[in-house]
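# Close look at the chain arrangement
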2 protein chains.
Amino acid sequence: MNRFHLPKEVEIVEVGPRDGLQIESRFIPTEEKIKMTDDLSDCGFKAIQVTSVAHPKAVPQLADAEEVMAKIKRRPGTVYNVLVPNYRGAERAVNMNADEWELMLSVSDSHSISNANKTTKEALKEHEKVARLAQENGVIARGGMATALGCPFEGRMPIDKLFYVIEAYESMGIRYITVADTIGVADPKHVYETMVQVQEKFPDMKYNLHLHNTRGMALANIYAALQAGVTSFDTAIGGLGGCPYVPNATGNVATEDVVHMLELMGIETGLTFDQLIENASFAEQLVGHPLESAVYKAGHSNKLHDAPKKQVKQAD
Amino acid sequence: MNRFHLPKEVEIVEVGPRDGLQIESRFIPTEEKIKMTDDLSDCGFKAIQVTSVAHPKAVPQLADAEEVMAKIKRRPGTVYNVLVPNYRGAERAVNMNADEWELMLSVSDSHSISNANKTTKEALKEHEKVARLAQENGVIARGGMATALGCPFEGRMPIDKLFYVIEAYESMGIRYITVADTIGVADPKHVYETMVQVQEKFPDMKYNLHLHNTRGMALANIYAALQAGVTSFDTAIGGLGGCPYVPNATGNVATEDVVHMLELMGIETGLTFDQLIENASFAEQLVGHPLESAVYKAGHSNKLHDAPKKQVKQAD
């Protein structure tokens, strides 16, 4: 049978504590964030993005990054990652004992200007210093690429813009790239083609995909990315998160939706469905509004109901 | 580039008026159903499943099938389809002037017993008479296969059960099969493998796929089905519909979500996004509760926002 190759194993990076909580209107108490992250550590994630060192005025919801990073449990085998948008943030991150920093910038100039008031080129120049600081402190640096699969102001990004950013990251010694569909506009064909092209052009890089389910296509995009050879995905428990351009839209692709689909296809993640559902339930309590994960509402596909008995036919 | 073949064109069968409205707790007034169907006709669907001749005691929401079929506009180029679960229903359908009947049965015995109090084999025997009646009346008969991709009581169906039903349909002169994921449990690998196998075994059949988005995988499943060569899909405007086994779950895959994804990938449906959104909005008013379509909430991926201007840097 002509079936496309699918991997045996996939790595899930849980980003709920960072990308999920930073968009919530209320500040989640520090001790709740710590409990959330510790419970997620117990699930056995390969990596967790715990918080961000964005300026507290820009992202007040994560202003407690230092305290959270100081007090979480560190599970051996889990990589604890902090999002680092600029050099000032990196200086804060130095003392946080993170295993990894995710350097973040926007591939599109308009989004970069909107978010950070600098062009992509200016952001890359600053990230050279951030990458050096990471190296000096023995922290792995990952290269994040927001709006790589679509920008709210410019639409689709030409592949050359992705190449330009990846090349710059490569020259900084970075070997791990996150390609992000920040606003949830990518379709599976576009994801497939993009991921094939970046892998062909920069084969020494490891790639991770960050998807939002804003327009319902995130699982389709993951399926397409698996076919393109991508085996690492950012997900958020309960589908936490959202989009500043679409007030009521769904958020990050939900961890449990991804793990459920992968499990049905026989792809290992090392995570357990029921434990993820418990964590989604806690996340929902924490944010105080209903979460949009499909399997959180519908349950696992494998759960069977009691079969009916045939009735003796009535005369009619 | 090693990209998988995708079709240039896809046929969308709108099933909202039938599969969407039959699960609503309130009876939608007949004239509203007629307006809904007429508006959908104006969209230019290749086919619309208008109603069902299930026994009015079993499906009271569609007890007005005769009046709806008598009063809807017939757009040239649109196939008007009625769901026919049994011979008694077929006798009602004879006078409805439908272009097509969708014969319906469950591939799994337990679901067949639960829904119709007969085994799959007994249902097929009855459908022989239904297919004959269709032929005598110059109506095309389509062979529907509920639970083909998963049963709430038995789980996954062995492929031989699908072969058994398709072979029986074929012997009745039927040339068009609907494979249904009635409870939304299929994953893309399973869909791909199933659709490849049935097409290899019965290559003269035309196949249509009916998917529910209960566990968020419907668009991924459509992407997988496209790769398997399937080019016809049942969808429901606004994502109408639901699942009796999962009270709060999402319903049929939403017409506008499917058309949006296909459009991004350059696949023609003959349908217009904005017109579909208007129809989703009317459907939402009709049922009186929020619908779950992703793009109905989030808008089209191609809609751009005004780009920001870079600010002169402040001293800091």
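- Under the annotation held in an unreviewed UniProt entry, chain A carries the name Hydroxymethylglutaryl-CoA lyase and is attributed to Halalkalibacter oceani.
- Database annotation for chain A, UniProt heading Sequence similarities (unreviewed entry): "Belongs to the HMG-CoA lyase family."

### Some words on the overall build of chain A
- Looking only at helices and strands, chain A features 12 helices and 8 strands.
- Whereas a compact globule of 316 residues would reach a radius of gyration of roughly 20 Å, chain A reaches 20 Å, a difference of no more than 12%.
- Each principal axis of the C-alpha atoms in chain A carries an extent, and together these give about 85 × 45 × 35 Å.
- Among the 316 residues that make up chain A, the fraction classed as buried is 61%.
- Put simply, chain A shows about 12,400 Å² of open surface, and 48% of that area lies on carbon and sulfur atoms.

### Details of the nonpolar core
- Membership of the largest hydrophobic core comes to 202 residues, with the highest contact counts inside it found for Trp101, Tyr169 and Leu209 of chain A together with Trp101 and Leu209 of chain B.
- Contacts of Leu209 of chain B, omitting those with residues within four sequence positions, involve Leu149, Val179, Val191, Met195, Ala225, Val230, Ser232, Phe233 and Asp234 of chain B.

### Considerations on the side chain of Gln61 of chain B
All names here are of chain B.
- Its place among the elements puts Gln61 in the loop between strand S2 (47-52) and helix H3 (65-71).
- For Gln61, a relative accessible area of 14% gives the class buried.
- A polar atom in the side chain of Gln61 sits 3.2 Å from the backbone oxygen of Gln22.
- Sequence-distant contacts of Gln61, that is, excluding residues within four places in its chain, are made with Leu21, Gln22, Ile23, Glu24, Arg26, Phe27 and Lys33.

### A word on the interface of chain B and chain A
- On the side of chain A, 63 residues touch chain B, which itself brings 62 residues to the contact.
- When the two sides are added together, the surface that chain B and chain A hide from each other amounts to roughly 5,000 Å², 64% of it contributed by carbon and sulfur.
- At the boundary of chain B with chain A, the tally comes to 0 salt bridges.
- For the interface between chain B and chain A, the tally reads 9 residue pairs in polar contact (both at pLDDT 80 or more).
- Mapped onto the side of chain B that touches chain A, the elements with two or more residues apiece are helix H5 (109-116), helix H8 (188-201), helix H9 (218-227), helix H10 (255-264) and helix H12 (294-298) of chain B.
- With 6 residues, H8 of chain B is the single largest residue contributor to the side of chain B that touches chain A.

### What about the pairing of S2 of chain B?
Residues and elements named next belong to chain B.
- Among the 6 residues in S2, 6 count as buried, and that is most of the element.
- Note that S2 and strand S3 (residues 79-84) share 5 bridges and pair parallel. Among the inter-strand pairings, Gln49 is bridged to a residue of S3, identified as Asn81.
- In this fold, S2 hands off to H3, which returns the chain to S3; that crossover is right-handed.

### Things to note about the UniProt feature "domain: Pyruvate carboxyltransferase" (unreviewed entry) in chain A
- Residues annotated by UniProt as "domain: Pyruvate carboxyltransferase" (unreviewed entry) correspond here to residues 10-277 of chain A.
- Split by type, residues 10-277 of chain A is 41% helix and 17% strand. Its first and last C-alpha atoms lie 19 Å apart.

### Looking at unusual backbone geometry
- The backbone of Asn117 of chain A shows a phi angle near 50°, a positive value even though the residue is not glycine.
- When you line up the elements, Asn117 of chain A lands in the loop between helix H5 (109-116) and helix H6 (120-136).
- The exposure class assigned to Asn117 of chain A is partly exposed, which follows from its relative accessible area of 24%.
- Within the chain, Thr147 of chain B stands out as a residue other than glycine whose phi angle is a positive 60°.
- Within the element layout of this structure, Thr147 of chain B appears in the loop between strand S5 (140-146) and helix H7 (159-171).
- Residue classification places Thr147 of chain B among the buried positions, given a relative accessible area of 0%.

### A look at the environment of Thr235 of chain A
Residue and element names in this part refer to chain A.
- Locating Thr235 in the fold gives a position in strand S8 (residues 232-235).
- Classification of Thr235 by relative accessible area gives buried; the value is 0%.
- Taking C-alpha positions, Thr235 is 18 Å from Met265, a pair spaced 30 residues apart along the chain.
- When near neighbours in sequence (up to four residues on either side) are disregarded, Thr235 contacts Ile12, Val13, Glu14, Val15, Gly16, Val253, Ala254, Thr255 and Val258.
- A distance of 2.8 Å separates the side chain of Thr235 from the side chain of Thr255, its partner in a polar contact.

### What to know about helix H11 (residues 273-287) of chain B
All names here are of chain B.
- Its 15 residues place the ends of H11 21 Å apart at the C-alpha level, agreeing with the 21 Å of an ideal helix rising 1.5 Å per residue.
- Buried within H11 we find Phe273, Leu276, Ile277, Asn279, Ala280, Phe282, Ala283, Leu286 and Val287.
- In this structure, the buried residues of H11 make contact with helix H2 (30-43), H10 and H12.
- Where H11 ends, the next residue or the one after it, Gly288, has phi of about 75°, a positive value.

The rules behind the values
- Residues numbered from 1 in each chain as written.
- Chains lettered and ligands numbered in written order.
- Predicted model: local features only at pLDDT ≥ 70, side-chain atom pairs only at ≥ 80, totals over all residues.
- Heavy atoms only, no water.
- UniProt positions renumbered as here; feature names shortened; annotations may be inferred.
- Helix = DSSP H or I, 4+ residues; strand = E, 2+ residues; numbered from the N terminus.
- Rg over C-alpha atoms; globule rule 2.2 N^0.38 Å.
- Buried < 20%, exposed > 50% of the residue type's maximum accessible area, 1.4 Å probe, protein only.
- Areas by Shrake-Rupley, 256 points an atom, 1.4 Å probe, with all protein chains shown as cover.
- Core = buried A, V, L, I, M, F, W, Y, C linked by side-chain atoms within 4.5 Å.
- Contact = heavy atoms within 4.5 Å.
- Polar contact = N/O pair within 3.5 Å; in protein donor to acceptor, adjacent residues only side chain to side chain.
- Buried area = accessible area lost by both parts, 1.4 Å probe.
- Salt bridge = Lys/Arg side-chain N within 4 Å of Asp/Glu carboxyl O.
- Pairing = 2+ DSSP bridges.
- Right-handed = clockwise from strand over helix to strand, strands pointing away.
- Expected span 1.5 Å × (residues − 1).

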